[in-house]
Amino acid sequence: MAYLGNAARTKEVLAKYNMSAKKKFGQNFLIDSHVLEGIVEAAGVTDDDLVLEIGPGIGSLTQYLAEAAGKVVAVEIDKTLLPVLADTLSEYDNVTVINEDILKVDLDEIVSENGGRPIKVVANLPYYITTPIIMKLFESRARIESITVMVQKEVADRMAAGPGGKDYGSLSLAVGYYAKAVTVMDVPPSSFIPQPNVGSAVVNLSRYTEPRVKVQDEKRLFEIVRTAFNQRRKTLSNSLSNNPSLGVSRQEVADAFLKMGVDEKARGEILTLEQFAELSDILQR
Ligand code: SAM
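Remember, it's a predicted structure, so these values are computed and weren't measured experimentally.

## Considering the pairing of strand E4 (residues 95–99)
And step 1. Sheet topology places strand E3 (residues 71–76) next to E4; 5 bridges connect them, and they run parallel. Among the inter-strand pairings, Glu76 is bridged to a residue of E4, identified as Asn99.
And step 2. On the question of chirality, the crossover connecting E3 to the parallel E4 by way of helix H4 (residues 82–88) is right-handed.

If you want it as structure tokens, here you go:
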């Protein structure tokens, strides 16, 4: 089977199965071999690895992953793609396709069924559920070593942003808590069929063995982070003391800022993850 990663083969396969890309599942198939090779290289996939692919589509990226990895488990929600995948992946005996919604899959089960090896996640993600997928991967107990994924360019920028800029926010802090984020390459709409109406980028998230900061209460930390960025134009002090569910008074916030050496008029976007962690510990319930 020739590689699918070009426009002619992709159109041929879609025509053979009388199919077209489904918008509701965020289907944009990759047709650029340089991008496909770049993703596998950025993920550092070796033949020892167990790779979890989310949304194999017609199998374009899966073919490259099957060549490089020891084992590939691919989770696809769209059952009409199963016969296509059986065809396009027929030459590979190291790929298992699971017809499921990735948000409902038990990741621990996949790891234990495959000898307990840590997982590298590699995917051209369906953009409509990027954040829930990434958070599920980080929050699961399964040993996920790295996540190398195609996302909307704007989302890649937010994931990799540091304090101070317009892209810095809850997503930067949530990702930064678990992993180091690096944008590997920008990818234009012309690398897909059909073309998405936004630019894309590949990001590599390599997971820290322990979260980057220690906090007494992780939930409290992210509640504070979300509050800080909900109304970006307000001062952090206003946002925090105006959110009744946090249960902190203006005075308590002022005392915390004084202790931390943070200006009373500061906005959330200047605080580092370490500072948010400190604030969260001071403002314990
Ligand atoms: N990997 C293919 C490629 O690069 O050409 C297809 C990528 S396409 C952007 C996203 C894929 O994710 C589609 O195949 C879509 O059906 C699948 N998908 C969408 N929602 C999903 C979900 N909740 N669980 C699993 N797969 C999903």
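Structure's up, so let's keep going.
## Quick look at the domain arrangement of the chain
And step 1. Per the domain assignment, the segments of the chain are domain 1 (7–207) and domain 2 (218–284).
And step 2. Using only C-alpha atoms to locate each centre, domain 1 and domain 2 end up separated by 35 Å.
And step 3. Contact with domain 1, which involves 12 residues of that partner, is made by 14 residues of domain 2.
And step 4. For the pairing of domain 1 and domain 2, the buried interface totals around 950 Å² over both sides, and the portion due to carbon and sulfur atoms is 65%.
And step 5. For domain 1, the biggest contributors to the area lost against domain 2 are Tyr168, Leu173 and Tyr177; these three give 54% of the whole.
And step 6. Run the count over domain 1 and domain 2 and you get 0 salt bridges.
And step 7. Between domain 1 and domain 2 we count 4 residue pairs in polar contact (both at pLDDT 80 or more) in total.

## A look at the site of the ligand
And step 1. Close contacts around the ligand come from 24 residues, with Leu30, Gly55, Glu76, Asn124 and Tyr128 the closest.
And step 2. In this structure, Glu53 approaches the ligand through a side-chain N or O atom, which is 3.4 Å from a nitrogen atom.
And step 3. Here Pro56 contributes a backbone N or O atom positioned 3.4 Å from a nitrogen atom of the ligand.
And step 4. In isolation the ligand exposes 590 Å². Once the protein is present, 99% of that is buried.
And step 5. At the level of secondary structure, the elements contributing two or more residues to the shell around the ligand comprise strand E1 (29–30) and E3.
And step 6. Looking at the shell around the ligand residue by residue, the class counts come to 12 nonpolar, 7 polar and 5 charged.

What counts, and where the lines are drawn
Residues numbered from 1 in each chain as written. Predicted model: local features only at pLDDT ≥ 70, side-chain atom pairs only at ≥ 80, totals over all residues. Heavy atoms only, no water. Pairing = 2+ DSSP bridges. Helix = DSSP H or I, 4+ residues; strand = E, 2+ residues; numbered from the N terminus. Right-handed = clockwise from strand over helix to strand, strands pointing away. Domains from an automatic or database assignment. Contact = heavy atoms within 4.5 Å. Buried area = accessible area lost by both parts, 1.4 Å probe. Salt bridge = Lys/Arg side-chain N within 4 Å of Asp/Glu carboxyl O. Polar contact = N/O pair within 3.5 Å; in protein donor to acceptor, adjacent residues only side chain to side chain. Near = heavy atom within 4 Å. Areas by Shrake-Rupley, 256 points an atom, 1.4 Å probe, with all protein chains shown as cover. Nonpolar A, V, L, I, M, F, W, Y, C, P; charged D, E, K, R; others polar.

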